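Here is how the chains run, residue by residue.
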Amino acid sequence: MDPIESITVKKDTTLAMLLAAQARGWSIQYMLQSNLYLGSRGCRAGVRELSVRDDPADWFRLGKSADLALGELDVILMRKDPPFDMDYIYTTYLLEHAQAEGVLVVNHPRGLRDHNEKMSATLFPQCCAPFLVSADQQLLRAFHEEHEDAVYKPLDGMGGANVFRARWDDPNLSVIIETLTDHGQRQIMAQRFIPEISAGDKRILLLDGKPVPYSLARIPAAGETRGNLAAGGAGVCRELSERDRWICDQVGPGLAAQGMLLVGLDVIGDYLTEINVTSPTCMREIQHGTGLDIAGELMDCILQQLEQNS
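Residues numbered from 1 in each chain as written. Predicted model: local features only at pLDDT ≥ 70, side-chain atom pairs only at ≥ 80, totals over all residues. Heavy atoms only, no water.

**Re the overall build of the chain**
Item 1. Summing up its helical and strand segments, the chain has eight helices and 16 strands in all.
Item 2. Relative to the compact-globule value of 19 Å for 310 residues, the chain shows a C-alpha radius of gyration of 20 Å, a close match.
Item 3. The 310 residues of the chain split such that 50% are buried.
Item 4. The long-range fraction of contacts in the chain, counting pairs at least 24 apart against all pairs at least 6 apart in sequence, stands at 64%.
Item 5. Total accessible area on the chain is roughly 14600 Å²; 49% of this is exposed by carbon and sulfur atoms. (Helix = DSSP H or I, 4+ residues; strand = E, 2+ residues; numbered from the N terminus. Rg over C-alpha atoms; globule rule 2.2 N^0.38 Å. Buried < 20%, exposed > 50% of the residue type's maximum accessible area, 1.4 Å probe, protein only. Contact = heavy atoms within 4.5 Å. Areas by Shrake-Rupley, 256 points an atom, 1.4 Å probe, with all protein chains shown as cover.)

Structure follows, in structure tokens:
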């Protein structure tokens, strides 16, 4: 995970998972991305024993250090936030070594590499609003001319960073496209603007392919078109609609078959916009709003996987 001292306690999903694991009496070993290493003795890491509390003033205690063979663990939760860069990819290679030694890695390292959070949604075009992935400035302008109101965003961003909306008369269209594509050198995504964003960008969590029955609708702040909490959006829990569940049925089984135990779908109105597999969030907000023990259910899914693999 990222450094535990830097998390926001009230909304950190990784902390919710740690609390649920600890409540089951499981031993927790804490490691950063930089603590992993590979040598003739296999894949190992410098680890610290960890205990956690649901207390914003005092939420963790680190115990003794050890140099541990990852093969001695039962499960590794990969919760490092993006950026999804080369170091992230190298980490998935290391985790595959641990996986070969019998450790359950959540989510599956290959799946983490394969599923770009913007591109993966395009594998389910029946669930998506019109979109275009391209570096070609002419094609990206033609997309805007066809749909008149479009959103442009990088393929490797998170938290709503560098997401631009271009209305039909936007004088900045050219500079938006030039900047995001680095003058035609970088692939980006264009999506038809979905006006239902005013009602929220819904985060739906899938546990082993099955949806949690409530989403967190992230309502954009006044004057914003981005619902991301990191961009100032406000979260409201909502029961899944029939269309939400249909999207989950389209997406969930295939992801579960690839070892994606925890996935976050982003849905605006009736359309899937992103599939988040690296470190899906919003678990704590949904738990606080509904009383559901989502983190506990995830631990049950992990235990089932361990039993099946034993």
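The structure having been displayed, the exposition proceeds.
**Brief notes about helix α7 (residues 283-290)**
Item 1. When we look at burial in α7, the residues that qualify are Met-283, Arg-284, Glu-285, Ile-286 and Gln-287.
Item 2. Buried positions along α7 lie against α1 (13-23), β11 (201-207), β13 (214-219), β14 (234-239), β15 (262-268) and α8 (294-309).
Item 3. Gly-291 sits one or two positions beyond α7 and adopts a positive phi of about 80°.

**Structural notes on the nonpolar core**
Item 1. Among the nonpolar cores identified, the biggest contains 35 residues, and Leu-70, Val-251, Val-263, Leu-265, Leu-272 and Ile-275 are the most heavily contacted of them.
Item 2. Contributing elements (two or more residues each) for this core: β3 (42-52), α2 (86-100), β11, α6 (242-257), β15 and β16 (271-276).
Item 3. With sequence-adjacent residues up to four places away left out, Val-251 is seen in contact with Phe-124, Leu-265, Leu-272 and Ile-275.
Item 4. Counting residues in hydrophobic clusters, the runner-up holds 21 residues, among them Met-17, Ala-21, Ile-294 and Leu-298. (Core = buried A, V, L, I, M, F, W, Y, C linked by side-chain atoms within 4.5 Å.)

**Section: the packing of aromatic side chains**
Item 1. According to the stated counting rule, one finds three aromatic pairs in the structure shown.
Item 2. Seen from their ring centres, Trp-59 and Phe-60 are 5.9 Å apart, and the 50° between their planes marks the pair as tilted.
Item 3. Note on Trp-59: relative accessible area 15%, which makes it buried.
Item 4. For the pair Tyr-90 and Tyr-93, a centre-to-centre distance of 6.4 Å together with 40° between the ring planes defines the contact as tilted. Taken together, the positions of Tyr-90 and Tyr-93, both in helix α2 and three residues apart, correspond to about one turn of that helix.
Item 5. The positively charged end of Arg-165 is found above the aromatic ring belonging to Phe-193, 3.6 Å away from the centroid. (Phe/Tyr/Trp six-rings, centres within 6.5 Å; stacked < 30°, edge-to-face > 60°. Lys NZ or Arg CZ within 6 Å of the ring centre and 35° of its normal.)

**Some thoughts on the sheet that holds strand β8 (residues 150-154)**
Backbone-to-backbone hydrogen bonds join strands into a sheet, with any given pair of strands oriented parallel or antiparallel.
Item 1. Reading across the sheet, the four strands line up as β7-β10-β8-β9 and stay open at both edges, with antiparallel pairing between neighbours. Either end of the sheet is taken by a strand with one partner, and the two such strands are β7 (131-134) and β9 (164-166). For this sheet, the mean inter-axis angle between neighbouring strands, taken without regard to orientation, is 20°.
Item 2. Bridge analysis of β7 against strand β10 (residues 188-192) gives four bridges, and the strand direction is antiparallel. Pairing of Ser-134 across the sheet is with Ile-188, part of β10. (Pairing = 2+ DSSP bridges. Axes fitted to C-alpha atoms, helices over the stretch in contact; angles between N-to-C directions.)

**Notes on the pairing of β3**
Item 1. The pairing of strand β1 (residues 29-30) with β3 spans two bridges and is classified as antiparallel. By the bridge assignment, Tyr-30 is partnered in β3 with Arg-48.
Item 2. Both strand β2 (residues 36-39) and β3 contribute to a ladder of four bridges, which runs antiparallel. Looking at the pairing, Leu-38 lines up with Cys-43 of β3.

**Concerning a nonpolar patch on the surface**
Item 1. Residues Met-86, Tyr-90 and Tyr-93 make up a contiguous nonpolar surface patch of about 330 Å² in total accessible area.
Item 2. With respect to the secondary-structure elements, Met-86 resides in helix α2.
Item 3. Accessibility expressed as a relative area gives 46% for Met-86, which makes it partly exposed. (Patch = residues over 30% accessible without salt bridge, like charges linked within 9 Å, V, L, I, M, F, W, Y side chains within 5 Å. Salt bridge = Lys/Arg side-chain N within 4 Å of Asp/Glu carboxyl O.)

**Considering unusual backbone geometry**
Item 1. For the bond from Val-106 to Asn-107, the omega torsion is 0°, close enough to zero to count as cis.
Item 2. At Asp-182, a residue that is not glycine, the phi angle is positive and equals roughly 55°.
Item 3. Tracing the sequence through the fold places Asp-182 in the loop between α5 (173-181) and β10.
Item 4. Despite not being glycine, Asp-208 has its phi angle at roughly 50°, a positive value.
Item 5. The residue Asp-208 is located in the loop between β11 and β12 (210-211) in this model.

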